[in-house]
Every structure is written in C-alpha cells, then in structure tokens.
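Below, each chain spelled out in residue letters.
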Amino acid sequence: MSLGLLVSTTAAVPAYAQAATDYISQCPVRAPLFAVDELEPIPGLTEGAIGVRADQADIDSATSIASFTGNVEVHFDQQYLITEQATVNQASGNINASGATQFTDGYVQVASENFRLNSGENRAFVSGASYQLRDVGAHGTAKLLSLSNEQVSLADSTFTTCPSDTPTWQLSASEISISEDDAWGEAWHAKFELFGVPVFYVPYINFPINDERKTGFLFPTLRTSQKNGFEFEVPYYINIAPNQDATITPRYMAERGLQMQAEYRVLTEGGFGQANIAFLDKDDSLENDDSRYLWRVEHLQNWSSNWRSYMNIIDISDDDYLNDFGSDFAGRADAQIYRRARIDYFSEHAKVTLRGEDFEVLGSYRSPYRTMPQLTARFNWQGPMAMNFGLFSEVSHFQNQENSHDYATRVHLEPQLQVGFEKPAYDWLTELRYSYTHYNQEITDNGLAENPTRSLPQFRVRGRLNLERDFTWDNNTYQQLLQPQIQYLYVPYRDQSDIGIYDSTLMQDDYQGLFRARRFSGLDRIADANQVTIGASTSILNTNAQEIMRFSAGQIYYFDDSKVSLFDEATQIADDRSDLAFETRFRFGERLFFNGAMQYDMEQNNTRKSQTAIEYRIDEANLLQISHRQVTNILDDDIEQLGLQAVYQVDHSWQLASNWYYDLEQKRTNDALLALQYSDCCWAVRVSAYRRINRNLEYQNNDPFRREPEFDNGISIQFIIKGLGSDNGNLFDLIEQSLFGYRHPFYLSN
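Residues numbered from 1 in each chain as written. Predicted model: local features only at pLDDT ≥ 70, side-chain atom pairs only at ≥ 80, totals over all residues. Heavy atoms only, no water.

A. Examining the pattern of salt bridges more closely. Applying the stated criterion across every chain yields a total of 34 salt bridges. Residue Asp344 pairs with Arg342 through a salt bridge whose shortest N-O separation is 3.0 Å. The class of Asp344 is buried, set by a relative accessible area of 2%. The partner of Glu394 in a salt bridge is Arg410, with the nearest N and O atoms 2.4 Å apart. Taken together, the positions of Glu394 in strand 26 (residues 387-400) and Arg410 in strand 27 (residues 407-422) put the pair 16 residues apart, joining distant regions of the chain. The residues Glu394 and Arg410 share a single accessibility class, namely buried. One network of salt bridges, with partners in common, ties together Arg256, Asp283, Arg292, Asp318 and Asp324. (Salt bridge = Lys/Arg side-chain N within 4 Å of Asp/Glu carboxyl O. Buried < 20%, exposed > 50% of the residue type's maximum accessible area, 1.4 Å probe, protein only. Helix = DSSP H or I, 4+ residues; strand = E, 2+ residues; numbered from the N terminus.)

B. Here's a closer look at the nonpolar core. Grouped together as the largest cluster of nonpolar side chains are 47 residues, with contacts concentrated most on Leu145, Leu147, Phe159 and Ile178. What Leu147 contacts, discounting residues up to four positions off in sequence, is Phe103, Asp105, Val108, Val110, Asn122, Arg123, Ala124, Val126 and Val152. Within the second largest apolar cluster, 12 residues are counted, among which are Ile314, Leu322, Phe325 and Ala330. (Core = buried A, V, L, I, M, F, W, Y, C linked by side-chain atoms within 4.5 Å. Contact = heavy atoms within 4.5 Å.)

C. Main features of the environment of Met311. Examined against the element boundaries, Met311 turns out to sit in strand 22 (residues 307-316). Taking the C-alpha atoms as reference points, Met311 and His299, separated by 12 residues in sequence, lie 5.3 Å from one another. Apart from the residues within four sequence positions on either side, Met311 is in contact with Val297, Glu298, His299, Arg340 and Ala341.

D. Geometry of the environment of Arg608. Tracing the sequence through the fold places Arg608 in strand 36 (residues 606-619). For the pair formed by Arg608 and Ala581, sequence separation is 27 residues and the distance between their alpha carbons is 10.0 Å. Residues contacting Arg608, with those up to four places away along its chain left out, are Asp579, Gln599, Asp601, Gln630, Val631 and Thr632.

E. The arrangement of the packing of aromatic side chains in detail. Counted under the stated rule, the structure contains 17 aromatic pairs. When the ring of Phe379 is compared with that of Trp381, the centres are 6.0 Å apart and the planes differ by 10°; the resulting orientation is stacked. We classify Phe379 as partly exposed; its relative accessible area is 27%. Relative accessible area serves as the criterion here: at 42%, Trp381 is assigned to the partly exposed category. Aromatic ring contacts, followed pair by pair, group Tyr369, Phe398, Tyr439 and Tyr502 into a single cluster. Seen from the ring of Tyr493, Lys563 lies directly overhead, with NZ or CZ sitting 5.4 Å from the centre. Residue placement shows Arg617 over the ring face of Phe593; its charged tip is 4.4 Å from the ring centre. (Phe/Tyr/Trp six-rings, centres within 6.5 Å; stacked < 30°, edge-to-face > 60°. Lys NZ or Arg CZ within 6 Å of the ring centre and 35° of its normal.)

Okay, here's the thing in structure tokens:
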C-alpha cells in the first residue's frame, strides 16, 4: 500500500504534456479583481508626474496637500489607484488613500482598505489586502503588502493558483516574495495547506510563477511502496546557463537507505547531451554490502553536413536494479541493456561509420560478444543506363564479455552490381553480389578454425507491378492500389561451421522479411538459398489520399533445402515452402483501428505466430485497445497472451485507466493495473492497484519460464497538486510505464 503527495515543477521539465494542456484549457479563467479596460491615462501627463481625476478637489496651498473625493483615479506612470478618498502631497509625492481602494501596476492587482505610495521611491504599501497576478491568475491575501519595481512582498500571506475563492490548496507563509522579472516566488516559514489542513512545513521554498527556470529546490515527492517502504525525494534544480541545467535528487527509502540521483543536460549548436547517475552505497534490504547504481551518458552532435556522432551508454550494478528501483531509461521488462557509440561520415557517394556496440543480457544467460570497434564503408556509383555499382566493406573486432581470451576479427568485402528500372507502373531490380569474408579467431572451441575464409556469390531478381483503380462504394469514391511482386534468390551452399557466431541471429519472418536477401542478421552466417518468393499487397485510399485499409500476403517456395544453421538444426530449412505470412490493417473512420499479422504453417495446418490488436481511439489520450499474441515452440514452450489497455476521460473531472495481460498458457495474470483519478483545475487524486511478475533475475536459476513466479502487488494513493509547475495529471503515462507498456501498433500511410 502506498500513500503519496506529488507536487512538481517545470524547472527540470519545462514543457507541459499535451493532454494536460488540453485539460487546463477547459479550466475557468479567474476574473480580475476589478475591471481595468476602461482606465484611460490622463492626457499630457509626463513621466514621473502624478495625475488625478475626481468629483471634488481641495488643495491646501500652505501644506501643498491636495484632497480628492468621489470617483478618484490617481495615475502615476503605469500605476493606477481607484478609490473614493485620497490625498496627494505635492512636495513629497506621497499618495494616501483610505476606505475601499483598488490598485494595479499592470502586473498585480490589489484590493484593500488603505493605501500608501511613495512616488520618490516608487514603493507602495497596502494592509489587509487581496491581490491577484494579472497574467497567471495567482492570488491570495496579505496582512501587509509592499510593491516596488515589479517586486511584490507579502507578510502573513497566502498564495494559490486555484481559480476559486475557496482554493483546494494554498501556501500560507510568514513572508512571500514574488518577482515579475524572475517569474519565481519565494516563501519563508511556509505551510502547504490542502483543503484548509496543513500538510507539511518548510522553512524556505521557491516556486515558479510560470515556466521559466531558476535554481532552487523543487517540490518534494512522498510515497510508500511494498518493496522500498516510505520514500521521500526532494530535487534541487540548478540553472547553470540558458543551454545547461542540472538536478540533484536525494531519494530516501526506509527499506533500502539513501540513494543520490543527479542529472546534467546541455544543448549545443547542432546537438544535445545528457548524463544521469543514481547511487546507493548499501542496500539495507540485502544481506551484502554491495553498492547499487545506474549511470547513463547520451550525446548527439551534428558537426557539419558530412559528420555526425552519437553515443548512448548505460550501466547498472546488478541484474535486478531495474526491477527494484525503476528507471526512465529502461523498462522493467527489458531483457538486456544496449550500449552504442558511433561516428558517421556522409557524402554523395559514400557513407563511413565507426562504431562500438555492447549488449548486456540481464539474468544468468550466455553473454553476447562486444563489438569494439567496427568500421563500415558503403560506396555507390551510378553507371551507364540503369546500372549501379556498389561496394560494402567492414572490419569488426569481437570480444567475449566474460572471457578475454575469446575474441575474433572479421574482414568483409562485398562488391555489387545492380541493374534496375523504376517506372510508375512497375519496377525491376537485378542484383549480383560477391561476398568475401576472412576471420582471425582465437580458438576456444575445437570446432572452429583459426583463419577461416568464405567466398559467396549471391544473385537476386525482384519485380513489382503498381496497379490502381478508382471505384465507388456507398456513394463514396476510393482508390485501390495493388502491388504484386515476385523475387528469385540464389546463394550457393558453403560450410560455415568453423566460423564462430558473433553478431548473427535469425531475423523476423513477417511479410516484409520474405523479400529480404538474407535470413540471418550480421555476417557470420549467410544461408544458402534457391527460392522464389511470391506476394502481393493491396491498399484502399479515400479522396484525401488517406490509407484506410492494407492487406499483404506472401510465401517462399524452396527448390532446395537450406543447410546452413545458426546454433542448431532448427534454423535449417527442409520444407518445400515457408509459412504463409499475412498482414492487415484497417481504419474504420477516425477512431477505430484494426491490426493483424500471422505466420501460418501450411504443412502442419497451425499458426506459428500471430498478433492482433483492435483499438478505439477517441484522441491521443483516450483509447481502448484489445490485443492477442501467440508464438508456438519458442524454447520448447508456447506463448499466448490476451491484453487490454484503456484510458478513458469520463468527464472533465474523472479519468479511468486499465492495463491487463493474461497468460492463456499458464492461466495467470502477468501484468495488471487499474487506476481511477479525480481531477480539477487545482488538484487531482489518483488511486491505483497493480499486480505484476517480480522479475528477480539474480535468483531464477537459469529458468526464465519457471512455473511458480513471484508477484508484486500494490495499492497506491497519490495527490497531484496543480499550479506550482508541471501538472500533467493524465493517466496515459501509467500504461506506458507498465511492464507491458502501450505501443502504437498502426502504420497506415496518411
């Protein structure tokens, strides 16, 4: 069970979520304390001069004090005072008013029972005041209010951005200072009150008046959880420069200890960078004294029109870190961590890439090889007529992450010749490649050779027709596109069993995959092939050229068995045809979508793989999606799951979210979430319950499909306070961050 209060600011995240923005736009705009549209400056009034309109005036020449009564308007530069009685000292420039007074300087409006202005110092003093900021609608009361040079100082005062006169929340402080220039406020000895009840006290706090950034503490987050116990976070935001900032966040967890988190962000000309770190010296919930951490560095830079670099490196202390602490940069269900860095050069005829790549598999599994480094180069030249010449080359070094004596270097050259025609009604491609690959392997397996070499020609011919017709259905005009295609692929057999497997894996065999030139990724295995692929895709477009339906189907026919295997003989091909691959997508109007894909085994008359989803989408923040997916014989097991994801805005105040995935094979719920939220313009309360598999990878004993998994169940209540910064109270983020997060499954062309 968790009970939490969340009040956040836009300093670290300066943009509102669109869904929250749409909701806030429906909130009522607080009316000004008094109308100022009809105020007209006194003509001919010079800067620094005081002008007065009134029903009656009495000027004492001896004291230089002028008294005004009845509909008094006092104008001083951009400041306006409206009252029934006022006195002006012409010698000192002081203005005093008693009774009901109204004052504005264009930034703040004040209503009070008395008023005093020192025009020499340009400072006004008001007691017993109600005030309201013009642009943002923030308002409150103050026992004593002082205004000078766009600075508002409040003593024994309150502050809130709720539009109503009885606000749901407010700050009550002995002193509040608000600056128009900084667009931030400061409060001393402040109590945060919710429904008139003090919730917590801070000796000092600063808060945003709008979206501008400023160094200071952000509002804390309080919560409890089943694993971590009571949690408390208080971020400190550092506005280093217009293009740089940082946030330091201590995170106290009663069951684990104090974790320190830090983030640094920078924008450069043509790029950006970000660094994050989270460190817990000792986890009190574990028996060992090991520290637990996450660090991440990301940087993208466009150096010129020809040069670009990118890096994204992340590391965690242990396999269970993501499951125990969560992260913004990896999901709880992620099975691996991917790190990469690259430098790219582009020109009209060449692309050269130097990169490093590293996969860290979570759990007790065989670690993949690290690619450090890899240099690839692609060159293309347009020849006479429809000929195109190309050359692909690669030099890669692979290193076993757990065994420093297990490594290999691969050199690959692949010239190619293409002859292609592309017309509106058809296109045709004939392709001839010759692959030469040489390895230098440190032998750790008796079955491998030290310096194997492989030479392979590859021949491919592909042709497509582009047919179209217009038709009318139900008094509407549509256009149908039909694209049948055929491909022949020939690759002779070469024994590659003496080559290690460093970066090759079996690729997806969906409709698009049927027309690939290779079955395996990487270069360690190039499968022999003598096959024809036949397929067709058809689409229907409306008069706005919007695709409303697409259907594709295809199959490979094998003339010879494919003898090259990856890890075992299961990746060889001994059938005369592949699975029949289907893909279909429908758009029923503007809100209802259907997506389906299937690989059907014609020999066994069963479905090998399938995924289906139907989604009713009111808008980007309101949807209902039902999905089903099935995979047979994966690691000697079958997977079949039924999913439901929904977010629905019942009305302007109530929102409901649900996420549910049920394992039809194991007869159990793997992931479930139900959340209900009430929200208005000032605050929101969110109640949610969840159930998910506890992915304890350290203790799975190499069995990812064990029949009795542990589950993590919890209930949480969270308050979201609006108006002190970012107030995205939409529930859509909950289903995106769940174990099986929401994915947009539709790719119709628009």
